[in-house]
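# Residue-level structural notes
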Amino acid sequence: MTRWIFLWLLLALPAFAAVGDPNERLADPAKEALAREIGRELRCLVCQNQSIEDSDAQLARDLRRLVRERVAAGEDQAAVITFVHQRYGDFVLLRPPVTAATILLWATPFLALAGGIAVIMLRRRRAVAEAAALSPEEARRLAELDRGTA
Amino acid sequence: MIGEIGHFALALGCILALAQSIFPLIGAHRADARLMALAAPLAVAQLIAIAAAFAALLWAFAVNDTTVSNVVLNSHSAKPLIYKFSGAWGNHEGSMVLWVLILALCGGAVAGFGRDLPSALQARVIGILGLIAAGFLGFIIFTSNPFERVWPPPMDGQGLNPLLQDLGLALHPPMLYLGYVGYAVTFAFAVAALLEGRVDAAWGRWVRPWSLAAWSFLTLGIALGSWWAYYELGWGGYWFWDPVENASLLPWLIGAALLHSAIVVEKRESLKIWTVLLAILAFAMSLLGTFLVRSGVLNSVHAFANDPARGVFILGLLMAYVAGALALFAWRAPKLGGTGIFAPISREGGLVLNNLLLCSIAAVVLVGTLWPMFADILFGAKISVGAPFFNAATAPLAIPLVAAMAVGPLLAWKRADLAGALQRLWWVGLLAVASAFLTLLVAGYHVWPALGFAAAAWLIAGAAADILDRIAAFRRPSQAWNRARGLPRAAWGGAIAHAGVGVMFAGLAGMGLATDALVELKPGQSTRLAGYEWRLENIRDVQGPNWSSRRATITVLDQGRVVTVLTPEKRFFPVGRMNTTEAAIHTNAMRDLYAVLGDERDGGGVVRLHHNPLAPWIWFGAGIMALGGGLSLSDRRIRVSAPSRKAAPAPA
């Protein structure tokens, strides 16, 4: 798919503007690491699916600074994310909150697994039944074998 | 003139493709041998027409024919020849021509090598391929003519985007398309089987190599794209869970499920219905990816994005092919009942688990990719679904998948002894646990990297255990060598591909321990990162063929000894007025040293430096996976059953 290259390209455009500013970073490595972890959860609102840690758009810079200010003030991850969430809404969270609109999204892994298991169980039962339909003698023998070792 | 010939060849190809779909399908339906015999020659004729069109397009780019609007938009006379060629498929119209060319090649391959296929099956497969080709050729001719003329011609082209002037990216689209189009062939086989009402081991022997080849190419294509992102975008990232990436991951996941379940069809004549469905879904995902990326529905904020008419056309094709195939599936699939019965704990059972988990992961990726759009339309809710969601939602499915990957190959067909298999893996499990603890001990409290190394050890050692078990290395060591040589290549291929996944996990885990530094340095100053001393020597101007750049020279020292000299650049392309960041990477296979040059101020410059342990293993792993696929393809059983010219003509 060549088009995605072009899309990426657009994603990447801000990245070429600059590589980052050393003064942005927090001096304390532990706090900087926490700030980055938080930043990766937050979307740069004007970019395509980029976190604020991966973008050099002005808005991303502002948010990075905001996050670092709050982290430097000693807030934990949940507090900072709540703070940003309250101001920018659900759209800013790359991990969507569980709401009526996203409950099915979050349920996908369980629904897919449960649906798949249900289909497999049904088909197994039918497959055994169909095989049995071929010849009663074979079916009886098979059932015996099944009972014997399963 | 050449352009018009190319355009005419496309139209001719479209008509030939229509004929290729109509006559053989009617012939197969009526058991008319003469109509069926048209299939192969028509497929070859269509291939020749499309090849001519593609050659005309390459010619237009090679001579920089500025009367062709596609060349004007995507090429420039000052560009190196290789990127003139790659520019031919580095745009929407040209890439679609490449797409149909590869499809025509596949049709030609089925026509040329498929002589020992039952003639009705061959006719139907070629007919379905013709139907797909006709749809996409119509798409090109009506919405995306690559030979559109401009008059008066401009003096020169506007240039290919500098980011795309890169060898990795020149090869990336053809690899991906070989994957996507390969699934068109398995789709054609699935639909043909539904029309025939029969799936047997011979069908499985044909579908498996095609799904293997498609999957191997797709693996390489995705890996090339990810590698390009890593070295060209300059953020040190390799996978962003972006919609366009997800669009290529979906057919890969379903395709991986397909190639596993095709094994069961071939060997045990079981899971037939499921395999047919997977073949349809794999191609549906390829088309869906095409639709999502080219219609712009997911990226509508981009003005440059795409013509809505194109999106509607592709959506129409998607609906027609997939809905048609699924309707046929609902109608005919019950006739394809399998014959093999197996216990839940068996090789078949393991492969069913593989299918279940891979398809569930695919469902998560699909829903996650589309949900922001649905949530907006249905609930008016603006939400984002990004990397944190995908990581959190796929991990619980990926963990059991990895756990089962080492066990499955040790299980016997039909009914297996799980305890026995686990017993044979005791040292593998020990190694995995040891790797996790070692990681925690050496690198500190990093849970995911520790899990990643455990997965890597489990898979690599598990693959070794599989091979050792098959050659009975411990029970009869004297014959092990002979048994190893006698082992089918498909067995080697499977083990190697599984080990490749392990190697990739090691790379991912290593990247989880990556460190970086963002510093402002003046010439002569240095900084320390990951035990190395990084010294900025100078920053100067460099002139390239179609760019000029600022290049920094950074010497990396390990205790005073020079390890390497890195030269990251900021390039400026006057045609197109674009800047790119050229990261400098030094690899010794165990780690990457990665440097990017940023803003310059007061005689110094900002540099971002990365130390990425095991980073290259991510792409080595993908390469090993594809190699395993290729090795499995070269298996004697496939070569023997597939093409042979001496084969007597099949009775009609």
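Residues numbered from 1 in each chain as written. Chains lettered and ligands numbered in written order. Predicted model: local features only at pLDDT ≥ 70, side-chain atom pairs only at ≥ 80, totals over all residues.

## A look at the overall build of chain B
We count it as follows: Each helix corresponds to a stretch of at least 4 residues labelled H or I by DSSP, and each strand to a stretch of at least 2 residues labelled E; elements are numbered beginning at the N terminus. Atoms considered for the radius of gyration are the C-alpha atoms alone. The globule rule reads 2.2 Å times the number of residues to the power 0.38. Exposure is read from a count of other C-beta atoms within 10 Å of each residue's own; the residue is exposed at 12 or fewer, buried at 20 or more and partly exposed in between. C-beta atoms are placed from the backbone. We call two residues in contact whenever the C-beta atoms placed from their backbones are within 7 Å.
Regarding its fold elements, chain B presents 21 helices and 10 strands. The C-alpha atoms of chain B give a radius of gyration of 26 Å, which matches the 26 Å a tight globule of 652 residues would have. Summarising its shape, the C-alpha atoms of chain B cover approximately 80 × 75 × 55 Å along the three principal directions. Taking all 652 residues of chain B together, 58% fall into the buried category. Counting contacts in chain B only where the partners sit at least 6 residues apart, residues at least 24 apart contribute 74% of the total.

## Some words on the overall build of chain A
Looking only at helices and strands, chain A features 6 helices and 0 strands. Listing each helix as α and each strand as β along chain A from the N terminus yields α-α-α-α-α-α. In chain A, which comprises 150 residues, the share counted as buried stands at 33%.

## What about the confidence of the model for chain B?
Residues and elements named next belong to chain B. Applicable threshold: pLDDT expresses how confident the predictor is about each individual residue, on a scale running from 0 to 100.
For chain B, mean pLDDT is 86; residues scoring 70 or higher make up 94% of the total. Confidence drops under pLDDT 50 across residues 300–305; counting only partners more than four residues distant or on other chains, this segment forms 5 contacts. Between residues 640–652, whose pLDDT stays under 50, and residues either more than four places distant or in other chains, the model counts 12 contacts. The ipTM assigned to the predicted complex is 0.82, against a pTM of 0.89.

## A word on the nonpolar core
Residue and element names in this part refer to chain B. Our working definition: Any nonpolar core is a set of buried residues, restricted to Ala, Val, Leu, Ile, Met, Phe, Trp, Tyr and Cys, that join up through C-beta atoms within 7 Å.
Ranked by size, the top nonpolar core spans 231 residues in total, and within it V100, L129 and L459 carry the most contacts. Broken down by element, this core gets its largest block of residues, 18 residues, from helix α8 (residues 167–196). Here L459 is in contact with V402, M405, A406, H498, A499, V501, G502 and F505, once residues within four sequence places are set aside. Ranked by size, the runner-up nonpolar core spans 21 residues in total, among them L521, L536, I554 and V606.

## Points about the sheet that holds strand β1 (residues 515–521) of chain B
Residue and element names in this part refer to chain B. Using the following cut-off: Paired strands are those between which DSSP finds at least two bridges. Helix axes are fitted to C-alpha atoms over the stretch in contact, other axes to C-alpha atoms as well, and angles between N-to-C directions run from 0 to 180 degrees.
With antiparallel pairing, the 4 strands of this open sheet are ordered in space as β1-β10-β9-β8. The open sheet has two edge strands, β1 and β8 (584–587), and neither has a second partner. Pairwise comparison of adjacent strand axes, ignoring direction, gives a mean angle of 15° for this sheet. The pairing of strand β9 (residues 591–601) with strand β10 (residues 604–613) spans 9 bridges and is antiparallel.

## Overview of unusual backbone geometry
Residue and element names in this part refer to chain B. Cis geometry marks the peptide bond from W151 to P152; its omega dihedral reads 0°. Among the secondary structure elements, P152 is positioned in the loop between α7 (119–143) and α8. Positive phi outside glycine occurs at N64, with the angle close to 55°. Its place among the elements puts N64 in the loop between α3 (39–62) and α4 (69–74). With 18 C-beta atoms counted inside 10 Å, the residue N64 sits in the partly exposed group. Of note, the phi angle at L271 is positive, near 55°, even though the residue is not glycine. C-beta crowding within 10 Å serves as the criterion here: with 27 such atoms nearby, L271 is assigned to the buried category.

## A closer look at the pairing of strand β5 (residues 561–566) of chain B
Across 5 bridges, strand β4 (residues 548–558) of chain B lies against β5(B) in antiparallel orientation. Within β5(B), the position partnered with B:D558 by the bridge is B:R561.

## Focus on the packing of α3(B) against helix α6 (residues 92–113) of chain B
Each packed pair of helices is defined by two parameters, the angle between the axes and the distance between the axes. Residue and element names in this part refer to chain B. Our working rule: What sets the label is the angle itself: under 35 degrees gives roughly parallel, over 145 gives roughly antiparallel, 65 to 115 gives roughly perpendicular, and the rest give oblique. Take the far helix as the reference: if the near one is turned anticlockwise from it by less than a right angle, the crossing is left-handed, and if turned clockwise, right-handed. Classes in brief: Ala, Val, Leu, Ile, Met, Phe, Trp, Tyr, Cys and Pro nonpolar; Asp, Glu, Lys and Arg charged; the others, Gly included, polar.
At a minimum axis distance of 8 Å, the contact between α3 and α6 shows a crossing angle of 150°. By the angle between their directions, the pair α3 and α6 is classed as roughly antiparallel. Relative to α6, the crossing made by α3 is left-handed. From α3, A39, A40, A43, V44, Q46, L47, I50, A51, A53, F54 and L57 reach across to α6, where they touch G94, V97, L98, V100, L101, A104, L105, G107, G108 and A111. For the contact of α3 with α6, the per-class residue count stands at 17 nonpolar, 4 polar and no charged.

## A word on helix α5 (residues 81–89) of chain B
Listing the buried residues of α5(B) in full gives B:Y83, B:K84, B:S86, B:G87, B:A88 and B:W89. Residues of α5(B) that are buried make contact with α3, α4, α6 and α8 of chain B.

## Here's the deal with the confidence of the model for chain A
When pLDDT is low, close inspection of the predicted coordinates is not appropriate. Residue and element names in this part refer to chain A. In the predicted model, chain A carries a mean pLDDT of 78, and the fraction of residues at 70 or more is 80%. Within chain A, helix α1 (residues 3–17) has the poorest average pLDDT of any element, 42, and helix α4 (residues 77–88) the best, 90. Overall, residues 1–18 carries pLDDT values under 50, and its contacts beyond four positions in sequence, including any with other chains, amount to 49 contacts.

## Regarding helix α14 (residues 387–407) of chain B
Residue and element names in this part refer to chain B. Stated formally: Take the number of residues in a helix, subtract one, and multiply by 1.5 Å to get its expected span. A residue's bend is simply the angle between two axes: one fitted to the seven residues ending at it, one to the seven starting at it.
The end-to-end C-alpha distance of α14, which contains 21 residues, comes to 30 Å, matching closely the 30 Å that a straight helix rising 1.5 Å per residue would cover. Helix geometry: α14 is bent most strongly at A395, by close to 40°, with proline P396 lying one to four residues after it. Taken as a whole, α14 has its buried residues at A387, F389, F390, A393, T394, L397, L401, V402, M405, A406 and V407.

## A closer look at the environment of B:R208
Looking at the element boundaries, B:R208 is found in helix α9 (residues 201–232). The spatial distance from the C-alpha of B:R208 to the C-alpha of B:V265 is 9.1 Å, given a sequence separation of 57 residues.

## Regarding the packing of helix α10 (residues 243–268) of chain B against helix α13 (residues 347–379) of chain B
Residues and elements named next belong to chain B. Between α10 and α13, the shortest axis-to-axis distance is 9 Å and the interhelical angle comes to 165°. Here α10 lies roughly antiparallel to α13, going by the angle between them. Crossing geometry of α10 relative to α13 is assigned as left-handed.

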